[in-house]
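# Remarks on the overall topology
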Amino acid sequence: MVNHQADASVDRIREVRRKLVQDLLNGIEPDPRALDPTADIEDNRQFSSPILQKLYTTVEQFGARSTIHGLQHIFHSRELTRRIFWLVLMLVALCLGLAHMHATAMEFLSNPLTSQLKLMSEQVKFPDITLCNLKPASESMSLAPEFRQYIRDKWGYFDNWYVEERKRRGNESKVNFYERARLVFGRLFQILWVSGDSRDIGVLDVTLLLDCSYNSMKCHQKNFSLRQNYRFWNCYTFFVHKDNLVTGKGGKGAELDLVLFTDNHNTVRLEDLDGSARQKNLSTGIYKRSRQMEEQEPISLKELLNEATGLNHLLTEGSYEPGGFRVFIHERKLYPMLSREFVDVQSGTKSIIKLRPLQHSLLSSAAHQCTPRSAAENVSYVRYFAHGSKHIGHKKYQKTDSDFVAEEKQNLVHENCGCYSHRYPFTVDNSELCYYVPPSSWKTPPEQVLRKIRCHDRWILDAEKRTYELMQKFHSKRFCEFTLYRPLEQSSSWPRFEHVQDIWTDFIAPKIASGKEFTMECGHNHHIFNRTETAAFNRSTSRQELVYYPLLLTDQLCLEQFCNGTDTSCDLNLLRRLYPTATNCLQKAVMTKNMALIGIHLLSSAADSYVESVSYEWTEALSETGGILGLWLGISLLSVLEIFEFFYVLARNCFDQRLALRNRDA
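An unreviewed UniProt entry annotates the protein chain as Amiloride-sensitive sodium channel of Macrostomum lignano. UniProt annotates the protein chain under Subcellular location (unreviewed entry) with the comment "Membrane".

Set out below in structure tokens:
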């Protein structure tokens, strides 16, 4: 019996070796266990199902030739306990490896960023500069008889508007009543701004701009373009032509220097008057009205315009704005009034605004989303409008997060009122604004117009309350690439009295000498001041003369100098010849309060740059994944491919076995 078993073992070994030689000749990788005569050659289990038998054979062959070390120990071991040990060990290593790979994947998907600040590394472009007068109306033009005539003939001094709101209420103090009345008339002038042509009531560039130089080269009106805004009325944007240099002399940053005339010399605050003057004002005009009169008769615009505070106090919604300018600093393709970078410059000062640009290049991530500049949407805002919607100019801008917020607010007003707000940038004809009133209804507004205005005022408050919510909603619309200019202002008093005469001779007198009636940018004459007459000379004159004349004293000596000894008949040609030499008649204190020198200088022609980059690239993640697989499971990329091959062979063998069984049954 023993000899019979030994003969069977020898025959079995010979058969295995013969098969091994045959596999080598056929190019088939041999079973490693066939090389070990002491291996458990009786381990080939038999299954009743041919499919299960085929599956077991395929798995056994894969385990025998796999480069995954744990599988070889499982399939080569003859002892059951050793196989269980290696099986448990492989499962634990697999779990730890999967956990390690999950942590690596989460870190990669979180898109970690690295920030780097590079000093003076990028060439910078000079920004667009938008100048807005803090006092919207030209003080000189608001006192002209043509303006009063326009308010009287076209609007009837607003006497039929908001009659009850212009009466004093029973428990209301006099101060509160007049403050509320100013707000009412401020709203009425916003209606005038939307419905009529208010451009020539505001400050115009022909009188605003006394001198301009960019990189020591003269600049002029064609470098400025009009932007109308309900708060500032006329704003002017300075832009550099493409062929102009952006670098100053000696490699320094570009410089823009402006000498400006603010035209706010006629505004006198009641609080600024001395005791006797204040008491005189309180005992005259609107302040002498009795309580009974204030409760029964509505206060009129004519009375308020005669008050010392003037038109600009109504246009700024009852606040006392100092004379001067708001300087918006923004990139060329962005809407200026939505810019978060601006500097307020007061009249009577020399302000040097130094810019240190910082270019940002951000990466969009799940936590901090942004929009590439190349994918930015465009919007065409109304730049100016006039003559009841007949002449409208547009300008195309790139939409950033602030534009989307303004658009959402406009949609809120439009959905509830059927019109748009003038308080936000708008793209539609001004006849579609809620505050628009057709000329036929200027004197007496119909209820439909008033209802539309009330609806606007109601929903504009709701829109303002949603500002923070909308900023969070459209935070992803901010640009990934943008430039912050970081202004730093240095101010000092200017001009000195000894400089006033030179300013008059060099800047103002030439403008008066060459003054002519100004034609608007759209090619049409003034809507209101198409024919001006000054009270002093009772002669047709230019806007420049009308604006600058109040700087001269109107005493008898100066009138005799201008008018050949008489104050009733003035030769206009003689007047224009004598203007340049009229420095002895200058009101120097008034003139210094209406001047401003603004210098906007780039500190360098190169900008700092803030760059974000991915700190965990996909190649690093792939390398770490390979290290994890090698550490915990001892496998490489080829081993992973073996696993894919195993599943392919397994599926193919099962399919072939099923097909063979069906053919046999058939």
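Back to the write-up after that little detour.
## Thoughts on helix H7 (residues 174–195)
A rise of 1.5 Å per residue sets the reference length of H7, with its 22 residues, at 32 Å; its end C-alpha atoms lie 32 Å apart and thus fit the reference within 8%. Counting buried positions over the 22 residues of H7 gives 16, a clear majority of the element.

## Details of the packing of helix H6 (residues 145–155) against H7
Between H6 and H7, the shortest axis-to-axis distance is 13 Å and the interhelical angle comes to 85°. Considering the angle they form, H6 stands roughly perpendicular to H7. Facing H6, whose interface residues are Phe147, Tyr150, Ile151 and Trp155, H7 presents Phe189, Ile191, Leu192 and Ser195. Split into classes, the residues belonging to the contact of H6 with H7 amount to seven nonpolar, one polar and no charged.

## Looking at the side chain of Thr400
Along the chain, Thr400 falls in the loop between strand S13 (391–398) and helix H13 (401–417). Judged by relative accessible area, which is 15%, Thr400 ranks as buried. Once residues lying within four places of it in the same chain are set aside, the contact partners of Thr400 are Lys477, Arg478 and Phe479.

## A closer look at the side chain of Asp197
Secondary-structure assignment places Asp197 in the loop between H7 and helix H8 (205–208). Among the polar contacts made by the side chain of Asp197, one reaches the side chain of Arg199 at a distance of 3.0 Å.

## Focus on the environment of Gln190
By secondary structure assignment, the location of Gln190 is in helix H7. Separated by 41 residues in sequence, Gln190 and Arg231 place their C-alpha atoms 8.7 Å apart. Once you skip the residues sitting within four places of it in the chain, Gln190 turns out to touch Tyr230, Glu317, His422, Arg423 and Tyr435.

## Things to note about unusual backbone geometry
Put simply, Trp494 and Pro495 share a cis peptide bond, and its omega is -5°. Tracing the chain through its elements places Pro495 in the loop between strand S15 (487–493) and helix H16 (497–513). Despite not being glycine, Phe158 has its phi angle at roughly 60°, a positive value. As for its placement among the helices and strands, Phe158 is situated in the loop between H6 and H7. Phe158 sits in the buried class, given a relative accessible area of 0%.

## Regarding the nonpolar core
Of all hydrophobic cores here, the largest spans 54 residues; its most connected members are Phe158, Trp161, Phe189, Ile191 and Leu301. When residues of this core are traced back to their parent elements, those giving at least two are H6, H7, helix H11 (301–305), helix H12 (311–315), strand S12 (378–386), H13 and helix H14 (447–465). Top contributing element to this core by residue count: H7, with 11 residues. Once residues lying within four places of it in the same chain are set aside, the contact partners of Ile191 are Trp155, Trp161, Tyr162, Tyr435, Val437 and Ile453.

## Comments concerning the packing of aromatic side chains
Inspection of every chain in the model, using the stated rule, returns 18 aromatic pairs. Note on Tyr381 and Tyr397: the rings are 5.8 Å apart at their centroids and 40° apart in plane angle, and the pair reads as tilted. Residue Tyr381 is located in strand S12, and its partner Tyr397 is located in strand S13; the two are separated by 16 residues in the primary sequence. Ring pairing ties together the aromatic residues Phe126, Tyr214, Phe224 and Phe238, which thus form one cluster.

## Examining the state of the cysteines
This structure, assessed with the given rule, holds five disulfides. Here Cys132 connects covalently by a disulfide to Cys235, the sulfurs 2.0 Å from one another. Torsion about the S-S bond of the Cys132 and Cys235 cystine: about 120°, corresponding to right-handed handedness. Taken together, the residues Cys132 in strand S2 (residues 128–133) and Cys235 in strand S6 (residues 233–238) connect sequence positions 103 residues apart. Of the two residues, Cys132 and Cys235, both sit in the buried class.

## Some thoughts on a nonpolar patch on the surface
Taken together, the side chains of Leu80, Ile84, Val88, Val92, Leu96, Leu631 and Trp632 present a nonpolar region at the surface, about 660 Å² in accessible area. If you list the elements that add at least two residues to the nonpolar patch, you get helix H4 (80–109) and helix H21 (618–632). Residue contributions to the nonpolar patch peak at five residues, all from H4.

## Description of the sheet that holds strand S5 (residues 224–229)
Spatial strand order, S5-S6-S2-S8-S9: five strands in an open sheet with antiparallel pairing. Only two strands of the sheet have a single neighbouring strand rather than two, namely S5 and strand S9 (342–346). The mean inter-strand angle of the sheet, taken between neighbouring strand axes irrespective of direction, is 25°.

## Thoughts on H16
Along its 17 residues, H16 runs 23 Å from first to last C-alpha, staying within 8% of the 24 Å computed at 1.5 Å per residue. Of all the bends in H16, the largest measures some 40° and sits at Trp504. Regarding H16, the residues found buried are Val500, Ile503, Trp504, Ile508, Ala509, Lys511 and Ile512. Contact partners of the buried residues in H16: H8, strand S3 (209–214), helix H17 (543–548), helix H20 (588–592) and strand S16 (595–602).

Criteria and thresholds
Residues numbered from 1 in each chain as written. Predicted model: local features only at pLDDT ≥ 70, side-chain atom pairs only at ≥ 80, totals over all residues. Heavy atoms only, no water. UniProt positions renumbered as here; feature names shortened; annotations may be inferred. Helix = DSSP H or I, 4+ residues; strand = E, 2+ residues; numbered from the N terminus. Expected span 1.5 Å × (residues − 1). Buried < 20%, exposed > 50% of the residue type's maximum accessible area, 1.4 Å probe, protein only. Axes fitted to C-alpha atoms, helices over the stretch in contact; angles between N-to-C directions. Parallel < 35°, antiparallel > 145°, perpendicular 65-115°, else oblique. Contact = heavy atoms within 4.5 Å. Nonpolar A, V, L, I, M, F, W, Y, C, P; charged D, E, K, R; others polar. Polar contact = N/O pair within 3.5 Å; in protein donor to acceptor, adjacent residues only side chain to side chain. Core = buried A, V, L, I, M, F, W, Y, C linked by side-chain atoms within 4.5 Å. Phe/Tyr/Trp six-rings, centres within 6.5 Å; stacked < 30°, edge-to-face > 60°. Disulfide = S-S within 2.5 Å. Patch = residues over 30% accessible without salt bridge, like charges linked within 9 Å, V, L, I, M, F, W, Y side chains within 5 Å. Areas by Shrake-Rupley, 256 points an atom, 1.4 Å probe, with all protein chains shown as cover. Salt bridge = Lys/Arg side-chain N within 4 Å of Asp/Glu carboxyl O. Pairing = 2+ DSSP bridges. Bend = angle between axes of the 7 residues up to and from the residue.

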